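Chain residues, written in single-letter form:
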Amino acid sequence: MAMGETPITIIGNLTADPELKFTNSGAALVKFTVASTPRTYDKESAQWKDGTAAFFRCAAWRQLAEHVADSLAKGSRVVLSGRIRQHNWKTDQGENRSMLAVEVDDIGPSLQFATATVQRAQRSNPTPADNGPWSTSGTAPVGPAPDDKPPF
C-alpha cells in the first residue's frame, strides 16, 4: 500500500451478485456493493435495533475478481480490506461529480454465522519461483537437494 492511501476494513452483506467484466486487455474486473448495518442492543425493549446502513461500492481486479465472482453471491456476509479511492468526472452537462469507492485487496466470507469450505485455486501462470524446491504446486522435485536451505 502506498503512503497516504486510506485503508479500510468492512464487514457487511453483498446487495447483489458480483458483476464480472473483462477489460479490452483481458484483465478481470468485478464490481459489487456491500451494505454494512450497525446493530445495537436496546436493554429497555430487550431487542436488537438496526442503525442506518452504509453502502460501499467495491471493485477487485484480476484473479481476485474471478474468485469473488465464483465464490460470493447476493446476501453473502463478507469481511474485506482495501483502500478508499475517489473518482472524479464531468457529466455530459459539464457538472463535476465525484464518488468514493473501495479498491479491494482481500475478501472472504464471514464465518460468524456461516461455514465455508476453502479450495485452493490453481495458478494459471506459474512464475519461475513457483517451480523451486519449496514450491507447493506439485511440480517441484520430491524433497530439497542436500545443499538447499529453506528460504527463511
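Each residue is numbered by its place in its chain's sequence as written, counting from 1. Only residues with pLDDT of 70 or above have their local features reported here, since the model is predicted, and side-chain atom pairs are shown and tallied only from 80 upward, although totals for entire chains, interfaces and linings are computed over all residues. To get the side-chain values, all heavy atoms of the structure are used, and hydrogens and water are removed first.

A. Inspection of the nonpolar core at higher detail. Among buried residues, the Ala, Val, Leu, Ile, Met, Phe, Trp, Tyr and Cys ones that are joined through side-chain atoms within 4.5 Å form a nonpolar core. Each residue is assigned to one of three classes by its accessible area relative to the maximum for its type, calculated with a 1.4 Å probe on protein chains only: buried under 20%, partly exposed between the two thresholds, exposed over 50%. If you look at the biggest cluster of nonpolar residues, it comprises 17 residues, and the most contacted ones within it are Phe-32, Val-34, Cys-58, Leu-80, Val-102, Val-104 and Ile-107. Among the elements that line this core, the one with the most residues is strand 3 (residues 28-36), at four residues. Put simply, DSSP H or I for four residues or longer makes a helix, DSSP E for two residues or longer makes a strand, and each gets a number counted from the N terminus.

B. View of the packing of aromatic side chains. Stacked, tilted and edge-to-face are the three classes applied to pairs of Phe, Tyr and Trp rings, where Trp contributes its six-membered ring and a pair requires centres within 6.5 Å; stacked means planes under 30 degrees apart, edge-to-face means over 60, and tilted covers the rest. For the structure shown, the criterion picks out one aromatic pair. With 5.3 Å between their ring centres and 65 degrees between their planes, Tyr-41 and Trp-48 make a pair best called edge-to-face. For Tyr-41, a relative accessible area of 44% gives the class partly exposed.

C. Broad picture of the pairing of strand 1 (residues 6-14). With eight bridges connecting them, strand 1 and strand 7 (residues 77-90) associate as antiparallel partners. Considered in strand 7, the bridge of Thr-9 is made with Ser-81. Two strands pair if DSSP finds at least two bridges between them. As defined by bridge partners, strand 1 adjoins strand 3 across two bridges and the pair is classed as antiparallel. In the strand pairing of strand 3, Asn-13 is matched with Ala-35.

D. Representation of the pattern of salt bridges in the model. Salt bridge, as used here: a side-chain nitrogen of Lys or Arg that lies within 4 Å of a carboxyl oxygen of Asp or Glu. As enumerated under the stated definition, the model contains nine salt bridges in all. The shortest N-O distance in the salt bridge between Arg-39 and Asp-50 comes to 2.6 Å. Here Asp-50 lies in strand 5 (residues 47-50) and Arg-39 lies in strand 4 (residues 39-42), a separation of eleven residues in the sequence. Like Arg-39, the residue Asp-50 is exposed in the burial classification. One salt bridge in this structure joins Asp-105 and Arg-83, with 2.6 Å as the shortest N-O distance.

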